[in-house]
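Descriptive analysis of the structure
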Amino acid sequence: MHEWIAVKTQTDIETLLQHFGGFHDSCLVSLSYQSGASVDSKQAMSFGGPEQRELHMLFHSQWEKRPLELCFTGVRLFHIAGYQERYSCDIFDSYLKIHTDLIPGQDCPLVVWADWENFSPKDAFDCRVLHEPMISYVIASALKWKFF
């Protein structure tokens, strides 16, 4: 079994990108999101904490034989592009950075991943909803990864 590797610094980011070829010629195979929210047998709702908002993403690559799993915790926002008329699901490059300026008035570090190297989290809402090519992205408090 492979151990999780935490992404906390720019060096950690470079290591991940080097191991998976910058996500070049890769594809998102599947994902699973857990919110931490639930309703118990007495109909009482529990909202869960930020660390329970967890997104797992599984990638395959034409250059790496092992599948890669990313696990984002403290998920703030994610957008996954589905079927597109004129574009395939092949990922050519990626964006992966730690930002501290995304929440107004807070110096809160957030990890941002996207399937396009020129992605800007501050411009993510400036595009039309189904304007192609659509970009998949994740903004979360933490990221860890492992190969299968």
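Structure: above.
These notes cover the structure that comes with them. (Residues numbered from 1 in each chain as written. Predicted model: local features only at pLDDT ≥ 70, side-chain atom pairs only at ≥ 80, totals over all residues. Heavy atoms only, no water.)

In the structure shown here, the tally under the stated rule is two salt bridges. Ionic pairing is found between Glu 64 and Arg 66, a salt bridge with its closest N-O pair at 2.8 Å. (Salt bridge = Lys/Arg side-chain N within 4 Å of Asp/Glu carboxyl O.)

A few words now on unusual backbone geometry. Notably, Asp 25 is not glycine yet its phi reads approximately 55°, a positive angle. Inspection of the secondary structure assignment puts Asp 25 in the loop between helix 1 (10-19) and strand 2 (26-34). In this structure Asp 25 comes out as buried when scored by relative accessible area, which is 14%. In the Ramachandran plot, Gln 43 falls in the positive-phi region, its phi being about 70° despite a non-glycine side chain. (Helix = DSSP H or I, 4+ residues; strand = E, 2+ residues; numbered from the N terminus. Buried < 20%, exposed > 50% of the residue type's maximum accessible area, 1.4 Å probe, protein only.)

Relative to the helices and strands, Ser 26 is located in strand 2. A relative accessible area of 2% means that Ser 26 is categorised as buried. Polar contacts involving the side chain of Ser 26 include one to the main-chain carbonyl oxygen of Phe 23, which spans 2.5 Å. (Polar contact = N/O pair within 3.5 Å; in protein donor to acceptor, adjacent residues only side chain to side chain.)

With that out of the way, let us pick up the side chain of Asp 115. Here Asp 115 lies in the loop between strand 8 (110-114) and strand 9 (137-147). Buried Asp 115, no salt bridge; nearest opposite-charge side chain is Lys 97, N-O distance 14 Å. A polar side-chain atom of Asp 115 sits 3.0 Å from the main-chain amide nitrogen of Ser 136. Dropping the residues within four chain positions of it, Asp 115 is found in contact with Ile 91, Asp 93, Ser 94, Ile 135 and Ser 136. (Lys, Arg positive; Asp, Glu negative; His and termini not counted. Contact = heavy atoms within 4.5 Å.)

A word on the nonpolar core. By size, the foremost hydrophobic cluster in this structure holds 21 residues, and its most contacted members are Phe 59, Leu 68, Leu 70, Phe 72 and Trp 113. When residues of this core are traced back to their parent elements, those giving at least two are helix 1, strand 5 (54-61), strand 6 (68-79), strand 8 and strand 9. Considering every element that reaches this core, the biggest residue donor is strand 9, with five residues. Excluding its chain neighbours within four sequence positions, the residues that come into contact with Phe 59 are Phe 20, Phe 23, Cys 27, Leu 28, Val 29, Pro 67, Leu 68, Leu 70, Ile 91 and Trp 113. The next biggest cluster of nonpolar side chains, apart from the first, holds nine residues, and it includes Ile 103, Ala 114, Phe 119 and Tyr 137. (Core = buried A, V, L, I, M, F, W, Y, C linked by side-chain atoms within 4.5 Å.)

Moving on, we get to the pairing of strand 5. On strand 5, burial follows the alternation: Leu 55, Met 57, Phe 59 and Ser 61 on one face are buried, whereas Glu 54, His 56, Leu 58 and His 60 on the facing-out side are not. In this structure, strand 2 lies alongside strand 5, joined through eight bridges in antiparallel fashion. The residue of strand 5 that forms the bridge with Gln 34 is Glu 54. As consecutive antiparallel partners, strand 5 and strand 6 are separated by six residues. (Pairing = 2+ DSSP bridges.)

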